[in-house]
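Notes for the structure review
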Amino acid sequence: MVGHGGDWRNCSLLMKAANDRWGSFSKEEQVGVAVAGGATLALAGVFVYRRYSGASKDRPTIFELSGGSINKDKVKNEWSNYESSYGKEAGEGIKDRSKTVQLVDVFYSLVTDIYEYGWGQSFHFSPKLPGKSWGASEVAHEARVAVELGLRPGMKVLDCGCGVGGPMRTVASVSGAHVTGITINQYQVDRATHHNQRLGVAPLTDVVRGNFCELPFAHGTFDAAYAIEATCHAAKLEDVYGEIFKALKPGGMFLSYEWVSTRDFDPANPEHVRVIDEINFGNGLPEMRTWDQAEDAGKAVGFKLVTSLDLAVASEVADGWWKRLDELAWQNEVSHVVVTALDTLWLAPKGLKDVHNMLRNVARSLVAGGKTGVFSPMHMLVFQKPH
């Protein structure tokens, strides 16, 4: 992370690079760069102000977006490989499911900085509670995990697909339980560890890199486990559910917020299929499961189903999870102008503009999925391992 002076140096570098390259552009390109450059400088001023006011400490600025664990010279190639891994036929998803783990790792290297910059440290959605901010609603959605699982001090808990650790820190803090997070991506391990230490949560947390379909823990290690919008990345739900089952002690509880197509999804409706396909592509999913397929996957590996509830529609007074994306649509568009300018001036890794554009497009599909009710990112399943 750069300090306050780093923001000014970034702005200065941007202006110098623009001046050096200006003469090589055609008149049409000069007009485009002038518009984009003006937006860049304006937004840079906002970020510098926010840095001085303390609003954006310890998260990437738009000038610091990277390819995570991927070398900046390889971002474009990795993006191209990711894009080509998805089939063009309706409902096809990832063509070679054996490459799912590798593709998810690449996906999170490409998007983690953008997620932290534009969304925050908790890579999930939440219903908006009446009279509460999106931030407060997000924390409530995470704290619900601790309540549903009955967590308390002294318990050992597994967070499957922990990202940069936003939910982990909430769950550990409100319950006093010790939470171990696992993610496939080393860059996320580093970011989560950094935040845990910075925020004083390290005594109750640790983070490891690994594949949650091949958990590196002894059988019966954990009292409870949870996954927040993460197991949807598994090539087969039975694989990850089976690993969690083995890692739990007898009687242990497992909660998952699953991404699913709902009862309103019609596979014969081309628009429904298009929305789901775009959600899969823009989020690194091999395919979309239905809620009952997720229930059956848990039962198939030995779990007893305790609760199955779609939190997207469970409360008649909570506002739609997708409305936060709607509210941020203007920010996505402005940010894309800036990212495009940085790309033009070679101040961002080549390929990052394409990644950002993918996330702009999938945001629209997620909103469409939420508005129509054909998709939910929070179908809550609570399972128990028999005693």
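Residues numbered from 1 in each chain as written. Predicted model: local features only at pLDDT ≥ 70, side-chain atom pairs only at ≥ 80, totals over all residues. Heavy atoms only, no water.

Predicted coordinates in regions of low pLDDT should not be interpreted in detail. Residues at a pLDDT of 70 or more form 85% of the protein, whose mean pLDDT is 90. Residue range residues 42–56 is modelled with pLDDT below 50. Its contacts to residues more than four positions away, or to other chains, number 26 contacts. (pLDDT = per-residue confidence, 0-100. Contact = heavy atoms within 4.5 Å.)

Taken residue by residue, helix H3 (residues 75–84) has Val 75, Trp 79 and Tyr 82 as its buried positions. Down the axis of H3, the buried set is contained in an arc of 60 degrees. They therefore lie on one face. On its buried side, H3 packs onto helix H4 (100–118), helix H9 (270–283) and helix H13 (352–372). (Buried < 20%, exposed > 50% of the residue type's maximum accessible area, 1.4 Å probe, protein only. Helix = DSSP H or I, 4+ residues; strand = E, 2+ residues; numbered from the N terminus. Arc of directions from axis to C-beta.)

Counted according to the given criterion, the structure contains 18 salt bridges. For the salt bridge of Asp 105 with Arg 209, the shortest nitrogen-to-oxygen distance reads 2.9 Å. Of this pair, Asp 105 sits in helix H4 while Arg 209 sits in strand E3 (residues 205–209), placing them 104 residues apart in sequence. For Glu 333, the salt bridge identified is with Arg 360, shortest N-O distance 2.7 Å. One end of the pair, Glu 333, is in helix H12 (residues 329–344); the other, Arg 360, is in helix H13, with 27 residues separating them in the sequence. (Salt bridge = Lys/Arg side-chain N within 4 Å of Asp/Glu carboxyl O.)

Now for H13. The end-to-end C-alpha distance of H13, which contains 21 residues, comes to 30 Å, matching closely the 30 Å that a straight helix rising 1.5 Å per residue would cover. Gly 373 sits one or two positions beyond H13 and adopts a positive phi of about 80 degrees. (Expected span 1.5 Å × (residues − 1).)

All right, on to the packing of aromatic side chains then. Given two aromatic rings, one states the distance between the centres and the angle between the planes to describe the pair. Scanning the model with the defined rule gives 21 aromatic pairs in all. Relative to Trp 321, the ring of Phe 125 has its centre 4.8 Å away and its plane inclined at 50 degrees; by these criteria the two rings are tilted. Note that Phe 125 is positioned in the loop between H4 and helix H5 (134–149) and Trp 321 in the loop between strand E7 (304–310) and helix H11 (323–327), a separation of 196 residues in sequence. Judged on exposure class, the residue Phe 125 and its partner Trp 321 are both buried. (Phe/Tyr/Trp six-rings, centres within 6.5 Å; stacked < 30°, edge-to-face > 60°.)

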